[in-house]
Amino acid sequence: MKGLSDSAPALFEAEYAAVVAVVEKRIHLEWRAHPDQRLDTAGIHLLDTARHFGRLLRVIYRHRLLDALGEELRWYVNLFTAHGWGHDALSLVLDSWIVGIQGLIPPPECNELAEPLQVLRDGLSRLFASAADRDGVSQTAFDPLLVDHLLQGDVQGAQQHLLSSAQSVTSPDRLIVDMLLPAMAEVGNRWERHQIEIYEEHLASQAIKSLLIRLPALPAAAAPPIGRTALVTCAPGDEHDLIPMAMSAYLETKGWKVKNLGGSLPVGQIVAAAAALEPDVLFITLTMLFLIDELLTVLDGLRRDYPSGKVIVGGRGTVAARALLESRGAFVARDFDHGHRLALTVLNHA
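Predicted model, so just to flag it, every value in this text is computed and none were measured. (Residues numbered from 1 in each chain as written. Predicted model: local features only at pLDDT ≥ 70, side-chain atom pairs only at ≥ 80, totals over all residues. Heavy atoms only, no water.)

Asker: Help me understand the overall build of the protein, please; the structure alone is not making it clear to me.
Answerer: In terms of helices and strands, the protein carries 17 helices and five strands. Taken over C-alpha atoms, the radius of gyration comes to 22 Å for the protein, in line with the 20 Å a tight globule of 350 residues would show. Along the first, second and third principal axes, the C-alpha atoms of the protein reach 65 × 45 × 30 Å. When each of the 350 residues of the protein is scored for burial, the buried share is 49%. Across the protein, every contact between residues at least 6 apart in sequence was considered, and the portion connecting residues at least 24 apart equals 78%. Of the roughly 16000 Å² that the protein leaves accessible, carbon and sulfur atoms contribute 53%. Averaging the coordinates of the 31 positive side-chain charges in the protein and doing the same for the 42 negative ones gives two points 4 Å apart. (Helix = DSSP H or I, 4+ residues; strand = E, 2+ residues; numbered from the N terminus. Rg over C-alpha atoms; globule rule 2.2 N^0.38 Å. Buried < 20%, exposed > 50% of the residue type's maximum accessible area, 1.4 Å probe, protein only. Contact = heavy atoms within 4.5 Å. Areas by Shrake-Rupley, 256 points an atom, 1.4 Å probe, with all protein chains shown as cover. Lys, Arg positive; Asp, Glu negative; His and termini not counted. Charge placed at Lys NZ, Arg CZ, Asp CG, Glu CD.)

And the structure:
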């Protein structure tokens, strides 16, 4: 994809509210008039998706992250496939943004902004076909008995199953990385595919939280202290607190002293906590790319108020923005194991 001129993101930002209004109006009219029952089923969710996608576009245009658009669109394709909303529903969202941009932003900037969206729109059928081929097929190996225990809210059964598996793993942290994380992912996949009830997802989530609290204290997970402290949190606005909980438990099994801030803390509170607690490393997770600006604001605040602090960031939202995050002083980790090794490497060279 071609790059953007300096004026294109600025014009998009200036006209953003007006473009959003056009997008919402077009979607509302089309969904009411379209004969496809799946489009009618998607209903109000299309407006939510369009707003979500608009926030993503602001970040992508502002930070020149055009290469991330393809991967982000695949996430939307998987979402729409799982809910049964179909190709036409997502194409309506894309078409509406293309129409809004071309209708309210003058050329040549409108063409710069719309061209990458049109490329993705042209390849949408192929992405949906690929998603259909993968539908129902887990991307990670998981323990079906552990998943069954979680869906039943059977914490004791899940815990005993993990402990009985401890003899077959090389170290206690593998109970989290190789067993619990894949099980968490499978529960999430089944929820997205409407294969489990709401109450089952809630039972599983609460069971996972209980296990993550218990695991580091179990004899099988005992690890000698390494004399390092970690502070763990989500990026502001990110409410996926299970991942920070899992990261905290993982680090404890590796000998870290850990404090977990959880999710939904504002920028100022994350910065204040780091400055007051002075951890050796602050670990921050980011699941959604459109929240990257909030994370960047945290990094700027840490450079001001806790300049000696080391920051490791990870999660799906950090992949495409690696260079941007590193330019703000963060270290980007691929997964839990890489984050742990990276943290020790950074500290040893400090």
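Next comes the rest of the account.
Asker: Would you explain the sheet that holds strand β4 (residues 310-314) in this entry?
Answerer: Hydrogen bonds along the backbone pair up the strands of a sheet, which may run parallel or antiparallel. The strand order across the open sheet formed by five strands is β2-β1-β3-β4-β5, and the pairing between neighbours is parallel. Every interior strand has two partners, whereas the edge strands, β2 (257-262) and β5 (331-333), have only one. Strand-to-strand twist across the sheet, computed as the mean angle between neighbouring axes with direction ignored, equals 25°. Sheet topology places strand β3 (residues 281-285) next to β4; five bridges connect them, and they run parallel. (Pairing = 2+ DSSP bridges. Axes fitted to C-alpha atoms, helices over the stretch in contact; angles between N-to-C directions.)

Asker: Whenever I open this one, the pairing of strand β1 (residues 229-234) confuses me. Can you help?
Answerer: Consecutive side chains of a regular strand alternate in pointing toward one face of the sheet and then the other. By the criterion of burial, β1 is predominantly enclosed, with five of the six residues buried. With five bridges joining them, β1 and β2 adopt parallel strand pairing. When the sheet's bridge partners are listed, Thr 229 is paired in β2 with Lys 257. Handedness of the crossover joining β1 and β2 through helix α13 (residues 242-253): right-handed. (Right-handed = clockwise from strand over helix to strand, strands pointing away.)

Asker: I'm lost on the environment of Ala 141 in this one. Help?
Answerer: The residue Ala 141 is located in the loop between α8 (124-134) and α9 (144-151) in this model. With a relative accessible area of 68%, Ala 141 lands in the exposed category. Distance in space between the C-alpha atoms of Ala 141 and Val 346 is 31 Å, their sequence separation being 205 residues.

Asker: Hey, could you run me through empty space enclosed by the protein in this one?
Answerer: Over the atoms rolls a probe the size of a water molecule, and in doing so it shows where empty space is left. Per the stated rule, a full pass over the model turns up one cavity of 30 Å³ or more. As for the largest cavity, its lining consists of Ala 274, Pro 279, Val 281, Leu 282, Leu 302, Tyr 306, Gly 309, Lys 310 and Val 311. Elements that contribute at least two residues to the lining of the largest cavity include exactly β3 and β4. When grouped by side-chain class, the residues that make up the lining of the largest cavity number seven nonpolar, one polar and one charged. (1 Å grid on protein atoms, 1.4 Å probe; cavity = no way out; pocket = protein on both sides within 12 Å on 5 of 7 lines; lining within 4 Å. Points joined across faces, edges and corners; volume = space filled by probe spheres on them. Nonpolar A, V, L, I, M, F, W, Y, C, P; charged D, E, K, R; others polar.)

Asker: Sorry if this is basic, but what is going on with unusual backbone geometry here?
Answerer: A negative phi angle is the norm for most residues apart from glycine, just as the trans form is the norm for most peptide bonds. With an omega of 5°, the peptide bond running from Pro 107 to Pro 108 counts as cis. Tracing the backbone shows Pro 108 in the loop between α6 (86-104) and α7 (109-122). You will see that Arg 64, though not glycine, has its phi angle at about 55°, which is positive. One can find Arg 64 in the loop between α4 (44-62) and α5 (68-83). Given a relative accessible area of 38%, Arg 64 falls into the partly exposed group. Non-glycine residue Glu 278 carries a positive phi angle of around 50°. Considering the arrangement of structural elements, one finds Glu 278 in the loop between α14 (267-277) and β3.

Asker: Help me understand the side chain of His 149 in this model?
Answerer: Residue position: His 149 is located in helix α9. Among the residues examined, His 149 registers a relative accessible area of 15% and is labelled buried. Look past the residues within four positions of His 149 in its chain and what remains in contact with it is Asp 154, Gly 157, Ala 158 and His 161.

Asker: Explanation requested: the nonpolar core in the structure shown.
Answerer: Soluble globular proteins: nonpolar side chains tend toward being buried together. Of all hydrophobic cores here, the largest spans 74 residues; its most connected members are Tyr 61, Trp 97, Ile 101, Ile 292 and Leu 325. The dominant element in this core, judged by the number of residues it contributes, is α4, at nine residues. Leaving out residues up to four positions away in the same chain, Leu 325 has contacts with Ile 292, Leu 295, Leu 296, Leu 299, Val 313, Thr 318, Ala 330 and Val 332. Residues Met 179, Ile 196, Val 258 and Ala 333 belong to the second largest nonpolar core, which totals 42 residues. (Core = buried A, V, L, I, M, F, W, Y, C linked by side-chain atoms within 4.5 Å.)

Asker: Which parts of the structure should I look at to understand the environment of Val 20?
Answerer: Along the chain, the position of Val 20 falls in helix α2 (residues 16-33). What makes Val 20 buried here is its relative accessible area of 15%.

Asker: Teacher, can you tell me more about helix α17 (residues 336-348) here?
Answerer: Residues spaced three or four apart along an α-helix point in a common direction, a consequence of the helix completing one turn every 3.6 residues. The end-to-end C-alpha distance of α17 is 18 Å, a good match for the 18 Å that 13 residues give at a rise of 1.5 Å each. Within the sequence span of α17, burial applies to Phe 336, Asp 337, His 338, Gly 339, His 340, Leu 342, Ala 343, Val 346 and Leu 347. As for α17, its buried residues are in contact with α11 (173-192), α13, β3, β4 and β5. Between a side-chain oxygen at the N-terminus of α17 and the backbone nitrogen of Asp 337 the separation is 3.3 Å; the capping residue is Asp 335. (Expected span 1.5 Å × (residues − 1). Polar contact = N/O pair within 3.5 Å; in protein donor to acceptor, adjacent residues only side chain to side chain.)

Asker: Help me out: how do you make sense of the packing of helix α1 (residues 7-14) against α7 in this one?
Answerer: Pairs of packed helices are described in terms of their axes, by the angle between the two and the distance that separates them. Viewed as axis vectors pointing N to C, α1 and α7 meet at an angle of 85°, and their least axial separation amounts to 9 Å. Relative to α7, the element α1 lies roughly perpendicular. Contacts from Ser 7, Ala 8, Leu 11 and Phe 12 in α1 reach Glu 109, Glu 112 and Leu 113 in α7. Residue classes in the contact of α1 with α7 are distributed as four nonpolar, one polar and two charged. (Parallel < 35°, antiparallel > 145°, perpendicular 65-115°, else oblique.)

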